[in-house]
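# Residue-level structure breakdown
Chain by chain, the residues:
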Amino acid sequence: MNSFPLVSQEQVLSDLARLQTEMDLARRVQFSLFPKIPPSIPGLDLWGVSRPASTLSGDFYDFIARPNQPLTFFVGDVCGMGLPAALLMPMARAILRAEANTQPAPTPKSILQSANLILLDDLVEAEMFVTAFVSQYDPSSRELLYANAGHSPVIYCPAGGRTQLLKADGTALGVLRECFSFDQRLLLNPGDMLIVATDGLNEARNSRCEHFGVARLLNLAQRQAGRSAVEISSSLIQEIRDFCAPEPQADDQTVVILRCTDE
Amino acid sequence: MNVKTRFVDNVIILDLEGSLDRLSALQVRQAVIDVTKEQPVHVVVNLKGVDRMDSSGLSVLVLGLRRARENQGNFCLCSLQSPVRMIFELTRFDKVFEIFINEEDAVLAAASQYQSL
């Protein structure tokens, strides 16, 4: 004999509708955390896009532009998908923003190290970690200062040269008390480009269980010379979508393009 | 994903075969939890049969490392295939784990630590 209380079909439908409404609201709130348009920086063509695999995303990116200060931007990925990652995403983003905005002399390394210590206990408890690429770009010197806590793929495309993967310098946030990240410098010349993506791009999979992979991503990046940042991001996303079709998108996909121009 | 467990001396070997990704992560997570229950526990994860791994797979291995350490144990990896090794290098997780070229070295390292406990 069934001892569970009977629930009417109307009640189930009502609960589902309420849940869907709440998820839609959550998505709207999360969407509002992403930049609407990138800031206008002299000599820089900048674009970012993020596509969640489901209603909510564990990926994030942000730009922080303040007068007379270098542009700070970051891209992050809360390991895991769906709701658990999406719950931690706003927290990770807020802490990185707060560190970038409140430290007296923030650098990518100092931002990541502080964020790691703040997030560590909660991430350990949640069995998760966050990969993050943090960077500061000074338009007057065209110098990019960056630190990378376990984030991949980051692709450097020098004008006329071969694309290359930039390895992380530190471990992901939430893994160890020390994250090892350090500041690295990259001088960007006109035509040089940096692509900071999340692993939802290279790990995208088609119906034959083939991954898009890093090699295809590098080849694709190599073919983008002369195009604008927005065109490049659209091209990357579309190529991956075509590769995977008809398989649905399985992981969040985020890409930020930073292209140095002649201005 | 094929998951097998065996003992070499006092070290538990977890043999994984297949793709260690979001599809297999839950299955491997349970295996990792099972083998890191005892105290002290020393585990070698043999990744010889793992051809691909993503961040979900890394997450499961981090869980195993944390649990082993909590139980005064060691958690080593060995026999990584090239695509898997590349992921560890790109993301700097090679700084987090003790990684060995072959199982014998990994077992030796885990067992020697075991004896010192």
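Quick caveat: nothing in here was measured; it's all calculated off a predicted structure.

### Some words on the overall build of chain B
Looking only at helices and strands, chain B has 4 helices and 5 strands in total. Starting at the N terminus and walking to the C terminus, you meet the elements of chain B as β-β-α-β-α-β-α-β-α. At 13 Å, chain B has a C-alpha radius of gyration in line with the 13 Å of a compact globule built from 117 residues. By principal-axis analysis of the C-alpha atoms, chain B measures approximately 35 × 25 × 20 Å. The buried share among the 117 residues of chain B stands at 54%. Here the analysis covers contacts within chain B between residues at least 6 apart in sequence; of these, 72% occur between residues at least 24 apart. Summed over all atoms, the accessible surface of chain B reaches about 5400 Å², with 47% contributed by carbon and sulfur.

### Things to note about the overall build of chain A
Secondary structure summary: chain A contains 6 helices and 10 strands in total. Against the compact-globule benchmark of 18 Å for 263 residues, chain A has a radius of gyration of 20 Å, which places it among compact chains. Taking the principal axes of the C-alpha coordinates as reference, chain A spans close to 75 × 45 × 30 Å. For chain A, contacts bridging at least 24 residues in sequence account for 70% of all contacts bridging at least 6. Accessible surface, chain A as shown: approximately 12300 Å² in total, 55% of it carbon and sulfur.

### Thoughts on unusual backbone geometry
Geometrically, the link from A:Ser152 to A:Pro153 is a cis peptide bond, its omega value of 5° lying close to zero. Residue placement: A:Pro153 occurs in the loop between strand E5 (143-149) and strand E6 (154-157). The linkage connecting A:Ala245 with the following residue, A:Pro246, adopts the cis geometry, with an omega of 5°. Note that A:Pro246 resides in the loop between helix H6 (229-244) and strand E10 (253-260). Even without glycine at this site, A:Arg142 takes up a positive phi of about 55°. Secondary-structure assignment places A:Arg142 in the loop between strand E4 (130-138) and E5. By relative accessible area, which is 22% here, A:Arg142 ends up partly exposed. Non-glycine residue B:Arg92 carries a positive phi angle of around 65°. Along the polypeptide, B:Arg92 turns up in the loop between helix H3 (82-91) and strand E5 (98-100).

### Details of the interface of chain B and chain A
Across the boundary between the two partners, chain B contributes 22 residues, which contact 27 residues of chain A. Taken together, both faces of the contact between chain B and chain A bury some 2100 Å²; the carbon and sulfur share is 58%. Among the residues of chain B in contact with chain A, B:Arg22, B:Arg66 and B:Leu90 are the three that bury the most area, contributing 30% of the side total. Here chain B is connected to chain A by 2 salt bridges. One can count 8 residue pairs in polar contact (both at pLDDT 80 or more) joining chain B with chain A. At the level of secondary structure, the elements contributing two or more residues to the side of chain B that touches chain A comprise strand E3 (42-53), helix H2 (55-70) and H3 of chain B. For the side of chain B that touches chain A, the element with the most residues is H2(B), which contributes 7 residues. Residues belonging to the side of chain B that touches chain A are distributed by class as follows: 9 nonpolar, 4 polar and 9 charged.

### Some thoughts on H2(B)
Residue and element names in this part refer to chain B. Here H2 spans 22 Å end to end across 16 residues, near enough to the 22 Å set by a 1.5 Å rise per residue. Among the 16 residues of H2, 13 are classified as buried, and the element is accordingly described as predominantly covered. The backbone nitrogen of serine 56 lies 3.0 Å from a side-chain oxygen of the residue at the head of H2, namely aspartate 54. Directly after H2, the chain includes glutamine 72, whose backbone phi takes a positive value near 55°.

### Regarding the packing of aromatic side chains
Residue and element names in this part refer to chain A. Under the defined criterion, the tally for this structure stands at 10 aromatic pairs over all chains. Considering the side-chain rings of phenylalanine 212 and phenylalanine 243, the 5.2 Å spacing of their centres and the 85° angle between planes classify their relative orientation as edge-to-face. Note that phenylalanine 212 is positioned in the loop between helix H4 (199-202) and helix H5 (213-222) and phenylalanine 243 in helix H6, a separation of 31 residues in sequence. The same class applies to phenylalanine 212 and to phenylalanine 243, which are both buried. In textbook terms, an aromatic cluster arises when at least three aromatic residues are bridged by ring pairs, as seen for Phe34, Tyr61, Phe63, Phe73, Phe133 and Tyr146.

### A word on a nonpolar patch on the surface
A contiguous nonpolar surface patch, about 460 Å² in accessible area, is contributed by A:Val7, A:Val12, A:Leu13, A:Leu16 and A:Leu19. Positionally, A:Leu16 belongs in helix H1 (residues 9-32).

### Here's the deal with the nonpolar core
Counting residues in each nonpolar core, the largest one holds 47 residues, and the members touching the most others are A:Phe73, A:Leu96, A:Leu112, A:Leu144 and A:Leu194. Those residues within four positions of A:Leu144 in sequence are excluded, and the remaining contacts are A:Phe73, A:Ser135, A:Gln136, A:Tyr137, A:Gln184, A:Arg185, A:Leu186, A:Leu188, A:Leu194 and A:Leu258. In terms of nonpolar packing, the next biggest core, distinct from the first, is built from 34 residues, B:Leu14, B:Val35, B:Ile87 and B:Val96 among them.

### Some thoughts on the environment of A:Leu165
You can see A:Leu165 is positioned in strand E7 (residues 164-165). Setting aside chain neighbours within four positions, we find A:Leu165 in contact with A:Pro153, A:Val154, A:Ile155, A:Val214, A:Leu218 and B:Leu90.

### Section: the pairing of strand E1 (residues 2-8) of chain B
All names here are of chain B. Relative to strand E2 (residues 11-20), E1 is paired through 7 bridges, and the arrangement is antiparallel. From the neighbouring strand, phenylalanine 7 faces E2, where its bridge partner is isoleucine 12. Here E1 folds back onto E2 in antiparallel fashion, the turn holding 2 residues, of which aspartate 9 has a positive phi close to 55°.

Calculation criteria
- Residues numbered from 1 in each chain as written.
- Chains lettered and ligands numbered in written order.
- Predicted model: local features only at pLDDT ≥ 70, side-chain atom pairs only at ≥ 80, totals over all residues.
- Heavy atoms only, no water.
- Helix = DSSP H or I, 4+ residues; strand = E, 2+ residues; numbered from the N terminus.
- Rg over C-alpha atoms; globule rule 2.2 N^0.38 Å.
- Buried < 20%, exposed > 50% of the residue type's maximum accessible area, 1.4 Å probe, protein only.
- Contact = heavy atoms within 4.5 Å.
- Areas by Shrake-Rupley, 256 points an atom, 1.4 Å probe, with all protein chains shown as cover.
- Buried area = accessible area lost by both parts, 1.4 Å probe.
- Salt bridge = Lys/Arg side-chain N within 4 Å of Asp/Glu carboxyl O.
- Polar contact = N/O pair within 3.5 Å; in protein donor to acceptor, adjacent residues only side chain to side chain.
- Nonpolar A, V, L, I, M, F, W, Y, C, P; charged D, E, K, R; others polar.
- Expected span 1.5 Å × (residues − 1).
- Phe/Tyr/Trp six-rings, centres within 6.5 Å; stacked < 30°, edge-to-face > 60°.
- Patch = residues over 30% accessible without salt bridge, like charges linked within 9 Å, V, L, I, M, F, W, Y side chains within 5 Å.
- Core = buried A, V, L, I, M, F, W, Y, C linked by side-chain atoms within 4.5 Å.
- Pairing = 2+ DSSP bridges.

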